[in-house]
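# Examining the three-dimensional arrangement
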Amino acid sequence: MLAAWYDSQGDARDVFRIGEIPTPDLGPGEVRVRLSLSSVNPGDTKKRRGWLGSSMPYPRVVPHSDGAGHIDAVGEGVERTRVGERVWVFGAQSYRAFGTAAQYTVVPDWQAVELPNSVEPKLAACLGIPGITAHRAVFGDGEVAGQTVLVHGVLGGVGSLAAQLARWNGATVIGTVRTEADADLARAHGADHVVVLSDDDAVTHVRDLAVGGVDRIVEVSFSDNIEFDAAIAKNNTVIAAYGTREDRPSLPFWPMLFDNITIRLLGSDDFSREAKSAAAVDLTEAASTGALSIAVGDPLPLDRIADGHDRVDAGTRTRVLLQIPE
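Residues numbered from 1 in each chain as written. Predicted model: local features only at pLDDT ≥ 70, side-chain atom pairs only at ≥ 80, totals over all residues. Heavy atoms only, no water.

## Overview of a nonpolar patch on the surface
What counts, and what does not: Only residues whose relative accessible area exceeds 30% and that form no salt bridge enter a patch; like-charged residues are grouped when within 9 Å of one another, and nonpolar side chains (Val, Leu, Ile, Met, Phe, Trp, Tyr) when within 5 Å. Throughout, the Shrake-Rupley method with a 1.4 Å probe supplies accessible areas, and for residues the shown protein chains are the sole cover considered. Any Lys or Arg side-chain nitrogen located within 4 Å of an Asp or Glu carboxyl oxygen qualifies as a salt bridge. Numbering of helices and strands runs from the N terminus; a helix is a DSSP stretch of H or I covering at least four residues, while a strand is a stretch of E covering at least two. Burial classification: accessible surface area is computed with a 1.4 Å probe over protein chains only, and a residue below 20% of its type maximum counts as buried, one above 50% as exposed, and the rest as partly exposed.
Taken together, Leu251, Phe253, Trp254, Leu257, Phe258, Ile263 and Leu265 make up a surface patch of nonpolar side chains, about 750 Å² in accessible area. Within the residue set of the nonpolar patch, elements represented by two or more residues are α9 (253-258) and β13 (262-265). Sorting elements by how many residues they give to the nonpolar patch places α9 first, with four residues. Residue position: Leu251 is located in the loop between β12 (233-241) and α9. We classify Leu251 as partly exposed; its relative accessible area is 34%.

Printed below as a string of structure tokens:
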């Protein structure tokens, strides 16, 4: 099969190789997916760069966890009726060597999710890591209907989907941005209200919108925002954090203690199967009803994978996809 891979870590243009490698073998309970699209996530580029001192988990890595295509073969124990099924894939390169930057990938059958005809493959290919993280951030402590959810970084991949999922479930969403220039764009990404964090009265603005405080906070930068979060919380607020700038952040312990705040830390690769499966069901349903939208650029050809990684590392707000050749 045609694939992109690296056998050492480093800059994208230095380590990526494109060529033919053996198609991965099927095991019991697995499906083989003929991919049409592969999505590039920040986690994929971090693995390639050796972020936080990580090393090569396998001698050769075909990157990317998310994608879309159709099932073309099934392993023992999987119903043959799944052959030909349109699917979106998540976790393909989570503790596995063969991701979605190839013509084929093999995953456990539950990680290939049936794709309704109403959902475009470009949207589906982007649901995996950011969608499942967003789902856990919003629903990890129960439903949010009737509650107020504040989403930091609402223009980001996880933040945008978290806001849309919360609204889909009946919550009021407050999204934050760093500058006034982003406020109008944020309203188009699922936020009922937008607060600019650089404003001196940002805390007051949130407290006016959510009398008494917000119920849940989806946090993209725990170390930068924790003082703000503590100021807008109320008794039993949940802060669900999936990112931080400082790896050992300090926090206002006593105010948070008296508010009985829960801090939920989210590492998406290691969510339980039950949590991932529940997220996949809800994401597919929300997408099929038109409740989710994702800004996606024109797919790049597979041989431009280094360009795709560079765009992600540069902080693009448009999701980066690779078109897998026939």
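Let us keep going from here.
## Some thoughts on the environment of Gly99
Threshold: Contact criterion: two residues are considered in contact whenever any of their non-hydrogen atoms come within 4.5 Å of each other.
By the element assignment, Gly99 lies in the loop between β5 (86-89) and β6 (104-108). Contacts of Gly99, omitting those with residues within four sequence positions, involve Val62, Pro63, His64, Ala92, Gln93, Tyr104 and Thr105.

## What to know about the environment of Glu219
By the element assignment, Glu219 lies in strand β11 (residues 214-219). The class of Glu219 is buried, set by a relative accessible area of 0%. With 61 residues separating them along the chain, Glu219 and Val158 place their C-alpha atoms 9.8 Å apart. When neighbours within four sequence positions are excluded, Glu219 is seen to be in contact with His152, Asn225, Asp229, Ile239, Ala240, Ala241, Tyr242 and Gly243.

## Notes on the side chain of Thr105
So the rule is basically this: Pairs of N or O atoms are called polar contacts if they sit within 3.5 Å, as long as, within protein, a hydrogen donor faces a hydrogen acceptor (for residues adjacent in sequence, only side-chain-to-side-chain pairs).
Note that Thr105 resides in strand β6. A distance of 3.2 Å separates a polar side-chain atom of Thr105 from the backbone oxygen of Gly99. Every residue in contact with Thr105, bar those within four places of it in the chain, is listed here: Pro24, Val31, Arg32, Val33, Leu35, Ala92, Phe98, Gly99 and Thr100.

## A word on the nonpolar core
This is how the line gets drawn: What we call a nonpolar core is a set of buried Ala, Val, Leu, Ile, Met, Phe, Trp, Tyr and Cys residues that are connected through their side-chain atoms within 4.5 Å.
Within the largest apolar cluster, 43 residues are counted, with the highest numbers of intra-cluster contacts made by Trp88, Val151, Val154, Leu283 and Leu292. When residues of this core are traced back to their parent elements, those giving at least two are α3 (121-124), α4 (128-139), β8 (148-151), α5 (157-168), β9 (172-177), α6 (183-187), β10 (193-196) and α10 (273-288). Excluding anything up to four places from it in sequence, Leu292 contacts Leu123, Leu127, Leu161, Gln164, Leu165, Leu283, Ala286 and Ala287. Counting residues in hydrophobic clusters, the runner-up holds 33 residues, among them Tyr6, Val31, Val107 and Val320.

## Digging into the side chain of Gln164
Here Gln164 lies in helix α5. Residue Gln164 is classed as buried on the basis of its relative accessible area, which comes to 7%. Side chain to side chain, Gln164 and Ser160 meet in a polar contact 3.0 Å long. Ignoring sequence-local partners within four residues, the contact set of Gln164 consists of His189, Gly190, Ala291, Leu292 and Ser293.

## Thoughts on the pattern of salt bridges
Enumeration according to the criterion identifies 14 salt bridges in this entry. The salt bridge involving Arg32 is made with Asp72; its shortest N-O contact spans 2.9 Å. Of this pair, Arg32 sits in strand β3 (residues 30-40) while Asp72 sits in strand β4 (residues 66-74), placing them 40 residues apart in sequence. Using a relative accessible area of 24% as the deciding quantity, one classes Asp72 as partly exposed. Among the ionic pairs, Asp192 bridges to Arg167, the shortest N-O distance being 3.4 Å. Residue Asp192 is found in the loop between α6 and β10, and its partner Arg167 is found in helix α5; the two are separated by 25 residues along the sequence. Assessed through its relative accessible area of 33%, Asp192 is described here as partly exposed. Shared partners join several salt bridges into a network, and the residues in it are Arg13, Arg304, Asp307 and Asp310.

## A look at helix α8 (residues 222-232)
For α8, a buried count of eight out of eleven residues is recorded, marking the element as mostly surrounded by other parts of the structure. All of the buried residues along α8 are Phe222, Ser223, Asn225, Ile226, Phe228, Asp229, Ala230 and Ile232. Residues of α8 that are buried make contact with β8, α7 (202-209), β11, β12, α9 and β13.

## Remarks on unusual backbone geometry
The backbone of His64 sits at a positive phi, close to 85°, despite the residue not being glycine. The topology assignment puts His64 in the loop between α2 (42-49) and β4. A relative accessible area of 0% means that His64 is categorised as buried. For Asn236, which is not glycine, the phi torsion reads 75° and is therefore positive. Topologically, Asn236 is positioned in strand β12.

Honestly, that's just the spatial picture; any functional story needs more than this.
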